[in-house]
Every structure is written in structure tokens, then in C-alpha cells.
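# Descriptive analysis of the structure
The residues making up each chain are set out below.
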Amino acid sequence: MDEAQSNLLPEDLLIEILARLPVRSLIRFKCVCKSWFSLINSREFATKHLTVHNCALKNDFDYLLIRRNNFSVAMPVFCLLSYDMLNISHTFECEALVPRVPDGLVYLDIVGPCNGIFCLLIGGWGDAQVLLLWNPATREVMPLEVDWSFYNPGFGFDPITDDYKVVVTSCKFLGDPPRVHVYSLRHDSWRNIDASYFFDGSRDFHSLQCVSNERMCNWLGWKLDSGREFLISFDSHDEVFLQTALPLPQCEVGDNRHHLVQQQSNKCHACLMCVHGFLEPAQHQVVDIWLLDESGVAGSWNKQHSVRFSDDYVQLGIQVGLWKGSQILIEHQHYDGDLDPELVSYDPATEQVRFTGVRGWLCSGYTESLVSIRGQD
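So, how was this worked out
Residues numbered from 1 in each chain as written. Predicted model: local features only at pLDDT ≥ 70, side-chain atom pairs only at ≥ 80, totals over all residues. Heavy atoms only, no water. Helix = DSSP H or I, 4+ residues; strand = E, 2+ residues; numbered from the N terminus. Buried < 20%, exposed > 50% of the residue type's maximum accessible area, 1.4 Å probe, protein only. Areas by Shrake-Rupley, 256 points an atom, 1.4 Å probe, with all protein chains shown as cover. Contact = heavy atoms within 4.5 Å. Pairing = 2+ DSSP bridges. Axes fitted to C-alpha atoms, helices over the stretch in contact; angles between N-to-C directions. Salt bridge = Lys/Arg side-chain N within 4 Å of Asp/Glu carboxyl O.

Attention now moves to the overall build of the chain. Looking only at helices and strands, one finds 6 helices and 25 strands in the chain. Out of the 377 residues belonging to the chain, those deemed buried represent 55%. Working note: accessible area of the chain is about 17,000 Å², and carbon and sulfur atoms make up 52% of it.

This is how it looks when you write it as C-alpha cells:
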């Protein structure tokens, strides 16, 4: 199509039409003509498309992102599941995102998404680490240059300055509070900030270390002079940490009764799962799920669910996610030789349990976007 034909529609109307199309179609339409290429690549259109798409969503997300083991290459794969039916829509080889980590994969943390972008930390034995940003919809990948060993990644978005922030920690001496390093995508630079917190990175390999809710990054942690854990939130705009007491009094450091939950929604600051009764395996476990309305305010925790599970469904170290607003997704390990758990849905209202047949580890909800990682200048 030539430029004259492409300009038959008024530009405002064209933008409104294109903003309602899926990302995959828009990427193809870049080839229509130069003006469409410039429009679809523009930062303003990416923001417009994301806003229109979020307003049109009947659910909180388009997809659920899960992770599966892939023993043929010793690197996992990511799968996007349709949000309603949990059918596999797309599969991404982790090995295609980053070269194989020397000496094999030891851990993989994924944080986000923020406007369709994830932050990944992939580590091998020793100091072999890769930190990168990834947009699954556009297939854009951007490794970040880091000259030190780092842990506990967080990822947030500053809506005031339209900037994306990556937070990692490092520790020079064992027992010292970690140093906190903040990367600005807009400025492509790192800076150090003061913090006196210890971040809880000792949980199960597949448990969430950090959950992100756009502006806020959230971890569980503690201070050296405190015997209790609390929620640590990093404000991506003000670049300060906020401390929120956990809703249960018995939250001593290391008791492993509480876990961050991927809330599958951007309507709250953080989501927490508290487990009762795991010290007595013969009894049923009670799982409380709390949502935080405002970071730094202890009284803003609201209990959403209190569910009694048998040990057949819930084990320590698993991940739980809120799904479709009122349902709960649980990782159920069958111990049948497949290291990937099966996703089980539970409806608290009807107490109905449904085995979905989908194998994998929950990562996050996901909505596609055109937001460019490399276009943040």
C-alpha cells in the first residue's frame, strides 16, 4: 500500500481503529507503509494501545504466564495460557532469550509484568548471572550490564517520569545489610540507595521472592534488630522503602508460614498468603489470603479468603494465585516423576476443586503491550 492509500482515513480515526487490534497484528501492519511503521513504533501510540486494551479487558489479564522444565536443554520454557480456559497460546524457549548460563541453571527469578515487560534474573553456579528485560509480545530482550553479584530482583514503573526501575541487592560481607542498587531504564544507569533491610531470599526455588504492582516492588524481609518479618515495599518514583507490618502476629523470621502471592490484579499493592497448621501434617491446613490497599499502612490489610485445604492439595513451598477475581489457582505436586506441578482451581464459594490438566509453575498474569524496552530515551 502506498502513502496516498494509507491516508484515506483521518489520522485520529486510524489511531482509534489500530489501538483496538492485538499486538501480533500491529507488528505485521508495520510493513504496510512508512507512516504506519512510524505510528505503531511511536511511544505515544504504545501508551494509547495499552490504555485502550486495559479498559476493554473483561478480566484483569489476557494470559497467565507459567514456567515449565525442559530437560532436553536444561533450561525452562515459558508458556502463555489463555486467561479464561488455560489453553496454551504461546511458548517461549528460555534459551532463546539468553545464552546458556555457564555451569548450568541454579535459579531463575521473574518479576513483573509492568506494562507488558518482565525482569528476569537467571543464575548458574558461582557468579554466573544474567539480568534482562523482556517483552514477550514484541519479543524484545535487553540484557542489563551489572559488574557485581546481585540478588532479590524487583521491577517497577514510575508513572510520573514514565521510567522503569530495576532493583537488586548485593552483600559484601556475610551478616551485613545488603546494598541496594537501582537501575533507571530511561537514563540507562545504576545508582546506590541506602537501606537497612534484609530480604528473604531463602524460600523455595519456585516461590515468589518479589511481587510487583507497577509503582511498588514488594518483598518479605526484616531488620537486624527485629525478630519479625514484614512487607518491604520500594516506591519506584520516590525511591524509598516503606515497611508494612504483616496481618498475623506470629510472623517471626524464618517461620515460613507466609508467602507472597501473585494477585493477578493491579487493584491492590500486595497479596499475601498465610498458612496455619503446617506443623501438624495430619491436620488440614487453613490458608488465609490478604490484600494490601496501601503500602506502609499496617491496618490496610483486608482478608479476602480463609480456606481449609487438605494436605493432598497444598504443600509448603507451592505458589498460589488469585484467578478470575474469586477463584484460587494452586500448584499441586503429584510426585509422579514429572517435576512440574498441575494447576488446580478452587472456588471458595462452592468449595469445588478442579484439576485443570495444565502442568507448570505459576509466574504471573500478563497483558500484551507494544511498549518498547529500548525506546525509553
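Structure shown, so let's carry the discussion forward.
Another point: the side chain of Q327. Locating Q327 in the fold gives a position in strand 22 (residues 327-332). On the accessibility criterion, Q327 (18% relative accessible area) is buried. If we skip the residues at most four places from it in the chain, Q327 touches G321, L322, S345, Y346, D347 and P348.

Through backbone hydrogen bonds, the strands of a sheet pair up, either in parallel or in antiparallel fashion. Strand order in the open sheet formed by 4 strands is 3-2-1-25, and the pairing between neighbours is antiparallel. At either margin of the open sheet sits one strand with a lone partner, and together these are strand 3 (88-93) and strand 25 (361-366). Neighbour-to-neighbour, the strand axes of this sheet turn through a mean angle of 25°, independent of strand direction. Pairing between strand 2 (residues 77-82) and strand 3: 5 bridges, direction antiparallel. Pairing of F78 across the sheet is with F92, part of strand 3.

One open sheet holds the 4 strands; their spatial order is 8-9-10-11, and the pairing between them is antiparallel. Looking at the sheet topology across the chains shown, the edges are occupied by strand 8 (151-158) and strand 11 (189-193). Neighbouring strand axes in the sheet, compared pairwise and without regard to direction, differ in orientation by 25° on average. Of the pairings in the sheet, the one linking strand 9 (residues 163-170) to strand 10 (residues 179-184) comprises 6 bridges and is antiparallel in character. Looking across to strand 10, one finds that T169 is bridged to V180.

Further remarks concern the pattern of salt bridges. Under the defined criterion, the tally for this structure stands at 9 salt bridges. Notably, a salt bridge pairs D162 with R43, separated by 2.8 Å at the nearest N-O pair. Taken as a pair, D162 in the loop between strand 8 and strand 9 and R43 in helix 5 (residues 43-56) lie far apart in primary sequence, 119 residues in all. A relative accessible area of 25% places D162 in the partly exposed class. When the shortest N-O distance is used, the salt bridge between E239 and R191 registers 2.1 Å. A residue pair is termed long-range when its members are at least 10 positions apart, and E239 in the loop between strand 15 (230-235) and strand 16 (240-245) and R191 in strand 11 qualify at 48 residues. Exposure remark for E239: the relative accessible area of 18% places this residue in the buried category. Connected through shared salt-bridge partners, E16, R20 and K48 make up one network.

Interpretation in functional terms is not warranted from these geometric data alone.
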